Amino acid sequence: REVVGPVIGWPLMAVVPDRDFFYVWAARHTDFVQRVGGVVVREYSRASYPISTEVYEITDEKIRAIGAFPTRA
């Protein structure tokens with residue numbers, strides 16, 4: 001929080017579709033989650049080491065998954 005908070009804000013939202021891709025933004029930009037969905041699913045599907053299509057909320061108290069982008073089977 002001490003490093004990221006002053007730059008982009010706090011609390012945060014984040015996605016981590018694979019081990020080489022982490023994207024984070026200020027939670028106040030709620031509409032942004034819709035803009036990253038396609039990228040998250042694409043990166044997850046192509047990844048050698050996929051992690052998750054979940055969207056995480058990062059606050060002072062916890063990190064929790066608040067939803068996930070569906071992948072096509």
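A short tour of the structure in this document, coming up. Just so you know, these numbers come straight off a predicted model, no measurement behind them. (Residues numbered from 1 in each chain as written. Predicted model: local features only at pLDDT ≥ 70, side-chain atom pairs only at ≥ 80, totals over all residues. Heavy atoms only, no water.)

Another aspect to go through is the overall build of the protein. If you tally the helices and strands in the protein, you get two helices and four strands. Going from N to C terminus, the protein has its helices and strands arranged as α-β-β-α-β-β. Against the globule reference of 11 Å for 73 residues, the protein gives a C-alpha radius of gyration of 12 Å, in line with a compact fold. Expressed as lengths along the three principal axes of its C-alpha atoms, the size of the protein is roughly 40 × 20 × 20 Å. Within the protein, the proportion of its 73 residues that are buried is 37%. Within the protein, contacts between residues separated by at least 24 positions form 41% of all contacts whose residues are at least 6 apart in sequence. Within the structure as shown, the protein displays about 5,200 Å² of accessible surface, and the carbon and sulfur contribution to it stands at 50%. Across the protein, the mean location of the 9 positive side-chain charges is 6 Å away from that of the 9 negative side-chain charges. (Helix = DSSP H or I, 4+ residues; strand = E, 2+ residues; numbered from the N terminus. Rg over C-alpha atoms; globule rule 2.2 N^0.38 Å. Buried < 20%, exposed > 50% of the residue type's maximum accessible area, 1.4 Å probe, protein only. Contact = heavy atoms within 4.5 Å. Areas by Shrake-Rupley, 256 points an atom, 1.4 Å probe, with all protein chains shown as cover. Lys, Arg positive; Asp, Glu negative; His and termini not counted. Charge placed at Lys NZ, Arg CZ, Asp CG, Glu CD.)

A few words on the sheet that holds strand 4 (residues 63-68). Here four strands make up an open sheet; going across it, the order is 2-1-3-4 and the pairing antiparallel. Every other strand in the sheet has two partners, leaving strand 2 (21-26) and strand 4 as the edge strands with one partner each. Neighbouring strand axes in the sheet, compared pairwise and without regard to direction, differ in orientation by 25° on average. Taken together, the five bridges between strand 1 (residues 12-18) and strand 2 define a ladder with antiparallel strand orientation. Across the sheet, the residue bridging to Asp18 is Phe21, located in strand 2. (Pairing = 2+ DSSP bridges. Axes fitted to C-alpha atoms, helices over the stretch in contact; angles between N-to-C directions.)

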